[in-house]
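Each chain is listed here by its residues.
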Amino acid sequence: MKRLVIILILATVLSFSNLVVYTYDSMVSGLAKDIAPIFESLYGEKVSFVSFGDAGKALSRLIIEGEKTKADIILGLDQNLLLKAEKYGILMKYKPVNYTKIKETLRPKEYLATPFDYGSIAIVYNTETVKNPPKSFKDLLDPRFKRKIVVEDPRTSSTGLSFLLWTVAVYGEKFTDYWKKLKENLLTITSGWDEAFEMLERGEADIMVSYLTDGAYSYYYYKSAKFLPTVMKEGMFVQIEYVGIVKYTKKLELAKRFIELMLSDYVQEKIPLRQWMFPVTDVKLPEVFQKYVPKVEKMLELDPKEVSKNLDKWISEWEEALGM
Amino acid sequence: MMVFVSIFVIFPLVFLLASFPPSFEISKYTSLILMNIFQAAVSAAVALIGGIAISYFLSRRKITPFLRSIIHSISKVSFIFPGVSMALGFLIVFGKNGILNQILNPFGIHINILYTFLAVVIGHAFYNIPVVLYITGTSWEKLSGEIIEAAEIDGATPWRIFRSVEVPILIPSLISSYLMAFLYSFTSFAVVMTIGGFRYRTLEVEIYSKVSMLDFRGASTLTLVQMLIVATAATAAAILKNRDFPSGYPKFKEKGALSSILAFVFLSGILLPMLSSLLYGLANQNAFKLLFERGWDFLGMGFFSIAFWSFSIAIPAALISTVVSTSSGRASSRGRILSGIFSSIPTAVSTAVLAFAYLSVLIKFLTEDLSPISLVILHASIALPMSHRIMESGWMTVPRYIEEAAEIDGANKIQTFFFVDFPMIFPAMIRVFTLSIAISLSELAGVLILSGGKFLTFSSAVYRLMSSRHFLEATALNSVFVLIVLGIFFLGEFLTQIDLIP
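Comments concerning the overall build of chain A
And then number 1: Assigned secondary structure in chain A consists of 13 helices and 12 strands.
And then number 2: For 324 residues, the compact-globule estimate of 2.2 N^0.38 gives 20 Å, and the C-alpha radius of gyration of chain A, at 20 Å, lies within 12% of that figure.
And then number 3: Projecting the C-alpha coordinates of chain A onto the three principal axes gives extents of approximately 60 × 45 × 40 Å.
And then number 4: Burial analysis of chain A (324 residues in total) assigns 60% to the buried set.
And then number 5: Residue pairs in contact within chain A that sit at least 24 positions apart in sequence constitute 77% of those at least 6 positions apart.
And then number 6: Carbon and sulfur atoms make up 53% of the accessible area of chain A, which totals about 13,400 Å².
And then number 7: Here chain A contributes 46 positive and 44 negative side-chain charges, whose respective centroids are spaced 2 Å apart.

Description of the packing of helix H4 (residues 83-94) of chain B against helix H22 (residues 471-495) of chain B
Residues and elements named next belong to chain B.
And then number 1: Between H4 and H22, whose axes approach to 11 Å, the crossing angle comes to 130 degrees. Between H4 and H22, the interaxial angle falls into the category oblique. Note that H4 runs across H22; the crossing there is left-handed. Together, Val 84, Ser 85, Leu 88, Leu 91 and Ile 92 of H4 and Phe 471, Ala 474, Thr 475, Asn 478, Phe 481 and Val 482 of H22 make up the contact between the two elements.
And then number 2: Taken together, the residues of the contact of H4 with H22 break down into eight nonpolar, three polar and no charged.

Brief notes about the interface of chain B and chain A
And then number 1: Opposite the 51 residues of chain B that make contact, chain A presents 53 residues.
And then number 2: Summed over both sides, the interface of chain B with chain A buries roughly 4,500 Å², with 55% coming from carbon and sulfur.
And then number 3: There are two salt bridges connecting chain B and chain A.
And then number 4: With a shortest N-O distance of 2.5 Å, Arg 464 of chain B and Asp 25 of chain A are connected by a salt bridge.
And then number 5: Linking chain B to chain A there are 11 residue pairs in polar contact (both at pLDDT 80 or more).
And then number 6: Broken down by secondary-structure element, the contributors of at least two residues to the side of chain B that touches chain A are helix H10 (203-212), helix H13 (285-299), helix H14 (303-333), helix H16 (351-365), helix H17 (371-396), helix H20 (445-451) and helix H21 (458-466) of chain B.
And then number 7: Per-element tally for the side of chain B that touches chain A: the top contributor is H10 of chain B, with five residues.
And then number 8: Taken together, the residues of the side of chain B that touches chain A break down into 25 nonpolar, 13 polar and 13 charged.

Focus on the nonpolar core
And then number 1: With 271 residues, the main nonpolar core has Ile 73, Leu 75, Phe 163, Trp 179 and Phe 258 of chain A together with Ile 54 of chain B as its most contacted residues.
And then number 2: Of the residues forming this core, the biggest block, 12 residues, is contributed by helix H2 (residues 30-60) of chain B.
And then number 3: Beyond its immediate sequence surroundings of up to four residues, Phe 258 of chain A is in contact with Leu 19, Val 21, Ile 35, Phe 39, Val 47, Phe 49, Ile 73, Leu 75 and Val 243 of chain A.

A word on the packing of helix H6 (residues 158-171) of chain A against helix H13 (residues 304-322) of chain A
Residue and element names in this part refer to chain A.
And then number 1: H13 packs onto H6 with a crossing angle of 100 degrees between their chain directions and a minimal axis gap of 11 Å. Classified by the interaxial angle, the pair formed by H6 and H13 is roughly perpendicular. Residues Leu 161, Leu 164, Leu 165 and Val 168 of H6 pack against Val 307, Leu 311, Trp 314, Ile 315 and Trp 318 of H13.
And then number 2: A breakdown of the residues in the contact of H6 with H13 according to their chemical character gives nine nonpolar, no polar and no charged.

Regarding the pairing of strand S3 (residues 73-78) of chain A
All names here are of chain A.
And then number 1: Of all six residues in S3, six are buried, a share of seventy percent or more.
And then number 2: Note that strand S1 (residues 19-23) and S3 share two bridges and pair parallel. In the sheet register, Tyr 22 faces S3, and the bridge partner there is Ile 74.

A closer look at a nonpolar patch on the surface
Residue and element names in this part refer to chain B.
And then number 1: A cluster of nonpolar side chains, namely Met 2, Ile 337, Leu 338 and Ile 341, defines an oily patch on the protein surface of about 390 Å² accessible area.
And then number 2: Along the chain, the position of Leu 338 falls in helix H15 (residues 337-344).
And then number 3: Among the residues examined, Leu 338 registers a relative accessible area of 47% and is labelled partly exposed.

A few points about the domain arrangement of chain B
Residue and element names in this part refer to chain B.
And then number 1: Assigned domains within chain B: domain 1 (33-282) and domain 2 (284-502).
And then number 2: Relative to domain 2, the C-alpha centre of domain 1 lies at a distance of 23 Å.
And then number 3: Of the residues lining the interface, 34 residues belong to domain 1; the matching set on domain 2 comes to 40 residues.
And then number 4: Summing the contributions of domain 1 and of domain 2, the shared interface buries around 3,100 Å²; its carbon and sulfur component is 78%.
And then number 5: When residues of domain 1 are sorted by the area they lose upon contact with domain 2, Ile 80, Val 84 and Leu 88 head the list and together hold 20% of the total.

Focus on the pattern of salt bridges
And then number 1: Scanning all chains against the criterion turns up 28 salt bridges over all chains.
And then number 2: Its salt-bridge partner being Lys 251 of chain A, residue Asp 72 of chain A comes within 3.6 Å of it at the nearest N-O pair. Placement of Asp 72 of chain A in the loop between helix H4 (55-65) and S3 and of Lys 251 of chain A in the loop between strand S10 (236-246) and helix H10 (252-263) is noted, with a sequence separation of 179 residues between them.
And then number 3: Of the charged contacts, one joins Arg 201 of chain B and Glu 206 of chain B as a salt bridge, the two residues approaching to 2.7 Å between their closest N and O atoms.
And then number 4: A residue is classified by how much of its surface remains accessible, and Arg 201 of chain B, at 8% relative accessible area, is buried.
And then number 5: Take Glu 206 of chain B: its relative accessible area is 1%, and that puts it in the buried class.
And then number 6: Connected through salt bridges with shared partners, the residues Asp 153, Arg 155 and Glu 319 of chain A together with Lys 28 of chain B form a single ionic network.

Structural notes on the confidence of the model for chain B
Low pLDDT marks regions whose predicted coordinates should not be analysed in detail.
And then number 1: Considering every residue of chain B, the mean pLDDT works out to 85; 93% of them sit at 70 or more.
And then number 2: Between the elements of chain B, mean pLDDT differs from a low of 76, seen in helix H7 (residues 145-153) of chain B, to a high of 93, seen in H14 of chain B.

What about the pairing of strand S5 (residues 114-126) of chain A?
Every other side chain in a regular strand lies on the same face of the sheet, so the side chains alternate between the two faces.
Residue and element names in this part refer to chain A.
And then number 1: Counting buried positions along S5 gives 13 out of 13 residues, so the element sits mostly inside the fold.
And then number 2: In the sheet, S5 pairs with S10 via seven bridges, with the strands oriented antiparallel. Within the sheet, the bridge partner assigned to Gly 119 lies in S10 and is Gln 239.
And then number 3: One ladder, built from two bridges, connects S5 with strand S11 (residues 278-279); its direction is antiparallel. When the bridges of S11 are listed, Asp 117 appears paired with Pro 279.
And then number 4: When S5 meets strand S8 (residues 207-211), the two strands line up antiparallel, connected through five bridges. The residue bridging Ala 122 from the neighbouring strand is Ser 210, located in S8.
And then number 5: Bridge analysis of S5 against strand S9 (residues 227-230) gives four bridges, and the strand direction is antiparallel. Bridging from a neighbouring strand, Ile 123 pairs with Thr 230 of S9.

Details of the packing of aromatic side chains
And then number 1: Overall, the coordinates contain 48 aromatic pairs over all chains when judged by the stated rule.
And then number 2: Plain terms: the ring middles of Phe 20 of chain B and Phe 356 of chain B are 6.3 Å apart, the flat faces sit at 20 degrees to each other, and that makes the pair stacked. Within this pair, whereas Phe 20 of chain B is found in the loop between helix H1 (2-19) and H2, its partner Phe 356 of chain B is found in helix H16, the two being separated by 336 residues in sequence.
And then number 3: On the basis of relative accessibility, which here comes to 1%, the residue Phe 356 of chain B falls in the buried class.
And then number 4: A network of ring pairs unites the aromatic residues Tyr 118, Trp 193, Phe 197, Tyr 211, Tyr 217, Tyr 220, Tyr 221, Phe 227, Trp 276, Phe 278 and Phe 289 of chain A as a single cluster.

Criteria and thresholds
Residues numbered from 1 in each chain as written. Chains lettered and ligands numbered in written order. Predicted model: local features only at pLDDT ≥ 70, side-chain atom pairs only at ≥ 80, totals over all residues. Heavy atoms only, no water. Helix = DSSP H or I, 4+ residues; strand = E, 2+ residues; numbered from the N terminus. Rg over C-alpha atoms; globule rule 2.2 N^0.38 Å. Buried < 20%, exposed > 50% of the residue type's maximum accessible area, 1.4 Å probe, protein only. Contact = heavy atoms within 4.5 Å. Areas by Shrake-Rupley, 256 points an atom, 1.4 Å probe, with all protein chains shown as cover. Lys, Arg positive; Asp, Glu negative; His and termini not counted. Charge placed at Lys NZ, Arg CZ, Asp CG, Glu CD. Axes fitted to C-alpha atoms, helices over the stretch in contact; angles between N-to-C directions. Parallel < 35°, antiparallel > 145°, perpendicular 65-115°, else oblique. Left-handed = near helix turned anticlockwise from the far one by under 90°. Nonpolar A, V, L, I, M, F, W, Y, C, P; charged D, E, K, R; others polar. Buried area = accessible area lost by both parts, 1.4 Å probe. Salt bridge = Lys/Arg side-chain N within 4 Å of Asp/Glu carboxyl O. Polar contact = N/O pair within 3.5 Å; in protein donor to acceptor, adjacent residues only side chain to side chain. Core = buried A, V, L, I, M, F, W, Y, C linked by side-chain atoms within 4.5 Å. Pairing = 2+ DSSP bridges. Patch = residues over 30% accessible without salt bridge, like charges linked within 9 Å, V, L, I, M, F, W, Y side chains within 5 Å. Domains from an automatic or database assignment. pLDDT = per-residue confidence, 0-100. Phe/Tyr/Trp six-rings, centres within 6.5 Å; stacked < 30°, edge-to-face > 60°.

The structure is reproduced here in structure tokens:
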């Protein structure tokens, strides 16, 4: 028994002797497969990607573990989760050597974390079951969509949080009234984007909160327009994803190299077809992006200071409106 | 037992409540709590009706011993059937493009019940019918035929006998089984996570969500509420279960089509999701191909790694559960009441709550990652109430005078145990060991809370695959998982037949 306990402890410790990256599900099965071999061949060190379902859960885990964490990098926080990470003080500031490669509008004032991709979230629908898609937030309340929409939980999912903020950007303080009405049309609320997309693909749900590039994804993989985004007349909402160094890392130099690698042309060129987001540097976009990602006329924004000040309040109001 | 439960159940819970004092502002949770109680009450009522129908059928209809043993086996298997696999079975059967809709669509009927109250009730009812069957079934079969014959002679109709004779006599075991079904539905995790949707969450799921969102105060508040409700129901069920009733020879009769039809419907309801869960992956070659092509990449670890972690946790947990319950079962069978009381304490605590308590201790005191060891202890603890009951019955078969005879012949305590007691309690120990392995392999909430995604067991791997766009891969892994659990269960059943008594 004693021996078994020692083996168990060793197995746990040894499995974390490489650079450890906390992230979300689809990253592990996607972009991570490109990053791991190139990182190993460049720096002679292995990199382990550990997924916790979605980005919010990965961040929560990091906060719970605090200085005992084995994580060196957290990958996939969006601008809103970054506020939470800042509040708990678990990231180390690092301005990448290659920061000038980042598009100017996306460059942060303080490099608490580095942006590596961005895109607009969107309402995505199944074209086989929804013939007349919603074109506005008001349309989403139509009774014909009763129990057909699935959204992500803003408390655990970065996509879900962006959608909540999108409704704040559209309706201001009255956003809870909108959610109370939307509740009737919700089939369910999932903890992450992957779970929601699984429901869309399996035909359980017809509409979900996803990304503007989903149409391009559909054409690329299925050569069909099964899942298409719809451009909302109130305006769209941008999500930026960041990679940050964990304050407690014992492999700082290696962690810095990981950040630089994320900004390299090699990784940035992979972003569109792996992440289905836009690269943050000026690399060439694949044809399917140029053809099938709809043009957006109006982008909505929220002042980060306002978000930082009100986020907890908005989430509690959302919980109350949904009875969560 | 007393030391184990005090250190690994009572201390962590006290520590949790002291570290994160529950807030008494429970008004924001009122609707959640009431909905949870209502859901469990309705689910248990439907399970009770189903259980009564089947047990009445078994006790009053002359059926072949083969069919009777099949029904008993189904009932036993449901006990150890993993929650996540049952949930996957419900998705396969009741989904929009599920088996039921594929059968009914040609007739113009389309069922769309997932994420509704009905789905949760159906899911829990079918999952809990075997619980009702287990508690009432044996009572019913043993109920004395003389009493029923006496009523028949007095001119009572079968319905009148059922209503005025059988039900009143069996009422304690009916209430006890209702309360157990209520408890399981009230603390349900995998089924609610998968087909419940946000409207019908249980406190168990909400505690898990609050812990993952770092709302420890909120989780602690819900923990206290859940413990109070669960402890009350568990105590009432335990008191009622041991009531005596007049027993004698069984009474069979040939008539009673209604009970046969109801029994058939409810048995199908139990079997269909179970069989679908087992066979869907096996029947779909593409599922295995995808699992090996993409599934492992997504999970970050392969089959052998998942098997390693599953059994590295399950085997030590089963060993601890067997050793502790062998000792406590002996004490209980020799009239020490405290052992029995302590063994039932884990019943009053749900798995998510205990995992949350362990997490609070781990965060505070330990610098190394001890989550695998904490899971071993967690799984041993949740298996204890059942293990204790089985071992107590096992020890009852050991006559005190044989031990005394061995002692008079000069055998010491160790010799007496190995040469006198062990051969007699061996079947009970094997049953406890294999059932504890099955319980550990099937457990999900604790693994999700404590493993933190750093390692996966079979149940958590299936859950992660099915909720992350790898549904087919999930069905393939699930088929293998269910086969492993069933294999262990039937191996245990086989080994208990071995007679070690010279």
